[in-house]
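# Fold and geometry: a report
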Amino acid sequence: MNHLNEQELVEYRYADAADRTEAALHLHECAECRADYERLERVLAAVDAMPVAEPTADYEAKLWRALEPQLATHKRGFDWSAWREWLAPRRLVPIGAVAVLIVAAFVAGRYTHRQDNTTNTAGNGPQQPAPQQIRERILLVAVGDHLDRAQTVLLEISNAEADGTGKEAKGGEVDISQEQKRAENLLAENRIYRQTAEHSGDNAVANVLDELEPVLMDIAHSPSEVSGSELSELQKRIESQGLLLKVRVLDSSVREKAKTPALQPQPGTRGL
Amino acid sequence: MDRMDGGDAAQVTRALGGDQDAFRALVERHSRSLFRLAYRMTGNEHDAEEVVQEAFLRAYRRLDRFESRANFGTWLYRIGVNCSLDMMRKRKTESSQRVVASGDDPDASDPLDNVASTDPAPDRMMLSAEVKEKVQEAMKALSPVERTAFVLRHFEGHSIEEIGKALGLGAGATKNSVFRAVQKLRQQLEPLVSTGE
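Reading guide: rules and limits
Sequence order as written defines residue numbering, which begins from 1 separately in each chain. Just so you know, chain letters begin at A and ligand numbers begin at 1, following the order they were written in. In view of the model being predicted, local features appear only for residues whose pLDDT reaches at least 70, and side-chain atom pairs are presented and counted only at 80 or more, with totals across whole chains, interfaces and linings using the full set of residues. What counts as a helix is a DSSP run of H or I of at least four residues, what counts as a strand is a run of E of at least two, and both are numbered from the N terminus. Partly exposed residues are those whose C-beta has more than 12 but fewer than 20 other C-beta atoms within 10 Å; 20 or more makes a residue buried and 12 or fewer makes it exposed, with C-beta atoms placed from the backbone. What counts as a contact here is a pair of residues whose C-beta atoms, placed from the backbone, lie within 7 Å. Here pLDDT means the predictor's own confidence in every residue, given as a number from 0 to 100. Convention adopted: a line fitted to C-alpha atoms gives each axis, helices being fitted over their contacting stretch, and angles between N-to-C directions are expressed from 0 to 180 degrees. Definitions for this section: a left-handed crossing has its near helix turned counterclockwise from the far helix by less than a right angle. A right-handed crossing has that turn clockwise. Throughout this entry, Asp, Glu, Lys and Arg are counted as charged residues, while Ala, Val, Leu, Ile, Met, Phe, Trp, Tyr, Cys and Pro are counted as nonpolar. The remaining residues, Gly among them, count as polar. Note on definitions: a nonpolar core is a set of buried residues drawn from Ala, Val, Leu, Ile, Met, Phe, Trp, Tyr and Cys, linked by C-beta atoms within 7 Å. Expected span of a helix, by definition, is 1.5 Å for each gap between consecutive residues, and there is one gap fewer than residues.

This part takes up the overall build of chain B. The helix and strand inventory of chain B stands at 8 helices and 0 strands. Evaluated residue by residue, chain B yields a buried proportion of 42% over its 197 residues. Nonlocal contacts in chain B, meaning residues at least 24 apart in sequence, comprise 68% of its contacts between residues at least 6 apart.

In structure tokens:
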């Protein structure tokens, strides 16, 4: 077995490795990896040794005194606080756009289905794609568009320079506020597309969107002006995961798929 | 948060019927463990207290949506994680706005600085002031998502699946967040703990 890399060591440490026995055997035999693992354990032990504040003995009583008057004003029922975040104007645009696409896909499917039935009844006329295929195609176009915009954000971050030659820099800080806003919008869409892909079993799309999500999240939650080291941290993440390439490859395959004529006969519906 | 006995379900039912003492019993049973989680995540005693309060208020408002078959502690815990994340993001935004407005050093008034004012247990006194400071800095440098993933995995022992659900991330992204957190901690702390051998 090859030496364990950093990620494998971490996965072994937290028992998240797919094959822990093999890693354990290797650690037993390989002094180099064992030393590396011990260094990791020493770091985690230092983190463990940090003091944690313990609430005072009357904490529960104090907490209840603070809570009780608020319970009367916060009657149980519909909780607006959870929705307030989702209904913020910045989120409404991408969510609305995705909702429109899903409705469009549904309507297109219904409309074509009706036409399809009419054509079937007539027994002749040009073949039409099945409703399911129309829906898929609309969603594929939407995902392609999403990946396109994600690529632009990743590219802009990757090409930004802290010395002010690439992007606007103020005293060594780089302004990424535009990318941040776009990443925030993309994040809401990304979640919906990832969940849709997971439900429909499209692992290739789900996996790339899964990797894209935390990077978008980091960009969205970074300060609007980042230091050179923060920028380079973001760039390293994009680069180390080969994310840009993965997004680009998926984008082109999704677009190809969307272009493919979907006129294959549907089993039990129509023959050629 | 593993102390979720059958009593919780009965208290929830009573609280739903308007019995505030029942809700008080839930607060008393779960507030300490929720505080510890919030403290680990926010790194600050005052913020942790605010998080606990907000989490119980949210839980109270949504109590009728809690399914009796579920575990109240786990449910409350998820609310606590979300409140902590909101708090960390709020602090991060405030900190960056302060820097833009005044050109101050963002680290100068970071809430994590308060950690040193807490009373450490005797075994923890062994940690040198330098290492302690570096650990605080390294934890502070993690993004809210990385920090949450790390705290839930390392300190609270939650599974990748549970953490992913709490953060709204897939398994791969969750594992990556834990890994990136550990990687960053190693980069910052390894030279320090190695020389102290």
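Having seen the model, we can carry on.
When you go through chain A residue by residue, the secondary structure sums to 11 helices and 3 strands. Each helix (α) and strand (β) of chain A, taken in turn from the N terminus, gives the series α-α-α-α-α-α-α-β-β-α-α-β-α-α. Looking at chain A as a whole, 27% of its 272 residues qualify as buried. Within chain A, contacts between residues separated by at least 24 positions form 67% of all contacts whose residues are at least 6 apart in sequence.

Right, let's talk about the interface of chain B and chain A for a bit. On the side of chain A, 43 residues touch chain B, which itself brings 59 residues to the contact. Elements that contribute at least two residues to the side of chain B that touches chain A include exactly α2 (20-42), α3 (45-61), α4 (72-102), α5 (129-141), α6 (144-155) and α8 (171-195) of chain B. If you tally residues by element for the side of chain B that touches chain A, the top one is α8 of chain B, at 15 residues.

Our next topic: the environment of Lys165 of chain B. All names here are of chain B. For Lys165, the location among the structural elements is in helix α7 (residues 160-167). Judged by the 14 C-beta atoms lying within 10 Å of it, Lys165 falls in the partly exposed class. Along the chain, Lys165 and Arg78 lie 87 residues apart, while their C-alpha atoms are 8.8 Å from each other.

With that settled, consider the confidence of the model for chain A. Should the pLDDT be low somewhere, the predicted coordinates at that spot are not to be read in detail. All names here are of chain A. Of the residues in chain A, 68% have a pLDDT of 70 or more, and the chain-wide mean is 75. The least confident element of chain A is strand β1 (residues 169-170), whose mean pLDDT is 47; the most confident is helix α3 (residues 31-48), at 93. Across residues 164-170, where pLDDT falls below 50, the model places 14 contacts with residues more than four positions away in sequence or in other chains.

Residue and element names in this part refer to chain B. Running from amino to carboxyl end, α6 crosses α7 at an angle of 145°, the nearest separation of the two axes being 10 Å. Between α6 and α7 lies a crossing whose hand is right-handed. Residue-level contacts link Val145, Thr148, Ala149, Leu152 and Arg153 of α6 to Ile163, Ala166 and Leu167 of α7. Considered class by class, the residues forming the contact of α6 with α7 number 6 nonpolar, 1 polar and 1 charged.

Moving on to the nonpolar core. Ranked by internal contacts, the top residues of the largest apolar core, which has 97 residues, are Leu216 of chain A together with Ala38, Val52 and Ala55 of chain B. Looking at which element gives the most residues to this core, the answer is α4 of chain B, with 10 residues. Setting aside chain neighbours within four positions, we find Leu216 of chain A in contact with Ala150, Ala183, Leu186, Leu187 and Asn190 of chain A.

Attention shifts here to the confidence of the model for chain B. All names here are of chain B. Mean pLDDT over chain B: 80, with 78% of residues reaching 70 or higher. When pLDDT is averaged over each helix and strand of chain B, the minimum, 81, is found for α4 and the maximum, 94, for α3. For residues 1-5, every residue scores under 50 in pLDDT, and the model assigns this stretch 11 contacts once sequence neighbours within four places are set aside. A low-confidence stretch, residues 105-125 (pLDDT under 50), is modelled with 27 contacts involving residues beyond four sequence positions or located in other chains.

Bringing unusual backbone geometry into the picture now. With a phi angle near 55°, Ala15 of chain A is a residue other than glycine that sits in the positive phi range. Within the secondary structure, Ala15 of chain A is located in the loop between α1 (6-13) and α2 (20-29).

Let's shift gears to α1 of chain A. Taken together, the buried positions of α1 of chain A are Glu8, Leu9, Val10, Glu11 and Tyr12 of chain A. Following α1 of chain A by one or two positions, Ala15 of chain A has its phi on the positive side, about 55°.

The next subject is α3 of chain B. Helical geometry: 3.6 residues make up each α-helical turn, so side chains three or four residues apart lie on a common side. Residues and elements named next belong to chain B. Over its 17 residues, α3 runs 25 Å from end to end, which matches the ideal 24 Å to within 8%, given 1.5 Å per residue. Burial within α3 is extensive, with 12 of its 17 residues counted as buried. Among the residues of α3, those classed as buried are Glu45, Asp47, Ala48, Glu49, Val51, Val52, Glu54, Ala55, Phe56, Leu57, Ala59 and Tyr60.

Residue and element names in this part refer to chain A. Tracing the backbone through its elements, the reader meets Val153 in helix α7 (residues 131-159). Here Val153 falls in the buried class, since 25 other C-beta atoms lie within 10 Å of it. The spacing of Val153 and Ala183 is 30 residues in sequence and 7.0 Å in space, taken between C-alpha atoms. The residues contacting Val153, other than those within four sequence positions of it, are Glu179, Arg182, Ala183, Leu186 and Ile219.

Turning next to the environment of Leu16 of chain B. Residue and element names in this part refer to chain B. Looking at the element boundaries, Leu16 is found in helix α1 (residues 7-16). C-alpha separation for the pair Leu16 and Tyr60, spaced 44 residues apart in sequence, amounts to 8.9 Å. Leaving out residues up to four positions away in the same chain, Leu16 has contacts with Leu63 and Asp64.

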